[in-house]
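# A closer look at the structure
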Amino acid sequence: MTQDELKQAVAQAAADYVASNIAAGAIIGVGTGSTANLFIDALAGIKERIAATVASSEATRKRLEGHGFKVLDLNEVERMPVYIDGADEIDPGFAMIKGGGGALTREKIVAAVADTFVCICDASKQVATLGKFPLPVEVIPMARSQVTRELAALGGTPKLREGFLTDNGNIILDVHGLAIGDPVGLETRLNQIVGVVTNGLFARRGADVLLLGTADGVKTLRR
C-alpha cells in the first residue's frame, strides 16, 4: 500500500472507532493535518451521530463546517470523550512530536480536554527515539533570538519556519538534531523558556490509543 492508502485506511478506522466506542450525541475533538483531513471526510459518513466538534485549527474548522458539522469554541466545552489527531513521530511510550502543520498549541489545548487521545498515523511515523523529525516550538515573535539561543544551548539547531505564522499570530522555530530520550523532561524544560508558547512534544499528555496503518492492515495499540 502507498502512504496515501495507509492514511486513508487509518482515517476510516478512526471513524469506525468513533462509531463503535463513542456514544451518539457526543462532542468530538479533531486535529490538524493530512491524515486528520481524511478522518474528517470519513467522519462525515456518521455525521448524524456527532452532536458537535471542536477544531484544533482554522483549517480544520473550515473543513468540518464544509461537511456540515457544528464546530464549537473550546470555551463552550467542559469535556469530550475523544480527541483524534495524527503525529509526525510517535515512540513506544506513545509520546509524540506534533506540529508539522503548525497547530501544536491548539492541538495540545484541545487534547487536554479529551478523556482519550487517539493518534492516527501510518507505520513510517513510529520511531524508537523521537527527534529525527524537527521539533516545532511556537514562540512569541519578539522572543525569537532569545529562544533561539536557549534552544541551541540545549543541543539543538533551531531554524525559523520562513513565511509562516500560527493561527495565534506567532512564529515557529523547528529544532533539528535532537535525540529525545526523556520526552516528558524536555517538554517541561522547553516550556520554561521565556517566550515559548508551547512545544511540539506531546509526552506529559501522550496518546492513549494508536491506530497504526501498516501493510498488514490497521493495528489498534493501547498504552
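As a reminder, the structure under discussion sits directly above these lines.
What comes next is a walk through the structure. (Residues numbered from 1 in each chain as written. Predicted model: local features only at pLDDT ≥ 70, side-chain atom pairs only at ≥ 80, totals over all residues. Heavy atoms only, no water.)

## Brief notes about the overall build of the chain
Counting its secondary structure elements, the chain contains six helices and 14 strands. For the chain, the C-alpha radius of gyration of 17 Å lies close to 17 Å, the compact-globule estimate for 223 residues. Projected onto its principal axes, the C-alpha coordinates of the chain cover approximately 50 × 40 × 30 Å. Going through the 223 residues of the chain one by one, you find that 52% of them count as buried. Approximately 9,800 Å² of the chain is accessible, and the part contributed by carbon and sulfur atoms is 50%. On the chain, the mean spot of the 23 positive side-chain charges and the mean spot of the 26 negative ones are 2 Å from each other. (Helix = DSSP H or I, 4+ residues; strand = E, 2+ residues; numbered from the N terminus. Rg over C-alpha atoms; globule rule 2.2 N^0.38 Å. Buried < 20%, exposed > 50% of the residue type's maximum accessible area, 1.4 Å probe, protein only. Areas by Shrake-Rupley, 256 points an atom, 1.4 Å probe, with all protein chains shown as cover. Lys, Arg positive; Asp, Glu negative; His and termini not counted. Charge placed at Lys NZ, Arg CZ, Asp CG, Glu CD.)

## Things to note about the environment of Ile97
Counting through the fold element by element, Ile97 comes out in strand β6 (residues 96–97). Classification of Ile97 by relative accessible area gives buried; the value is 0%. Distance from Ile97 to Val209, taken between C-alpha atoms, is 15 Å for residues 112 residues apart in sequence. When sequence neighbours within four positions are dropped, the list of residues in contact with Ile97 reads Ala87, Asp88, Glu89, Leu130, Gly131, Phe133, Pro134, Leu135, Pro136, Ile180, Gly200 and Leu201. (Contact = heavy atoms within 4.5 Å.)

## Some words on empty space enclosed by the protein
Overall, the coordinates contain one cavity of 30 Å³ or more when judged by the stated rule. In this structure, the largest cavity is lined by Gly102, Ala103, Thr105, Arg106, Glu138, Thr166, Asp167 and Asn168. Considered class by class, the residues forming the lining of the largest cavity number one nonpolar, four polar and three charged. (1 Å grid on protein atoms, 1.4 Å probe; cavity = no way out; pocket = protein on both sides within 12 Å on 5 of 7 lines; lining within 4 Å. Points joined across faces, edges and corners; volume = space filled by probe spheres on them. Nonpolar A, V, L, I, M, F, W, Y, C, P; charged D, E, K, R; others polar.)

## Concerning the pattern of salt bridges
By the definition in use, this model includes twelve salt bridges. The salt bridge partner of Asp115 is Arg79, with a shortest N-O separation of 1.9 Å. Remark: Arg79 occurs in the loop between β3 (71–72) and β4 (80–85) and Asp115 occurs in strand β7 (residues 114–122); sequence separation between them is 36 residues. For Asp115, a relative accessible area of 43% translates into the label partly exposed. (Salt bridge = Lys/Arg side-chain N within 4 Å of Asp/Glu carboxyl O.)

## Remarks on helix α6 (residues 183–191)
Taken together, the buried positions of α6 are Pro183, Leu186, Glu187 and Leu190. The buried residues of α6 all sit within an arc of 105 degrees when viewed along its axis, so they share a single face. In this fold, the buried residues of α6 make contact with α4 (104–113), β8 (135–139), α5 (144–153), β11 (196–199) and β12 (201–202). (Arc of directions from axis to C-beta.)

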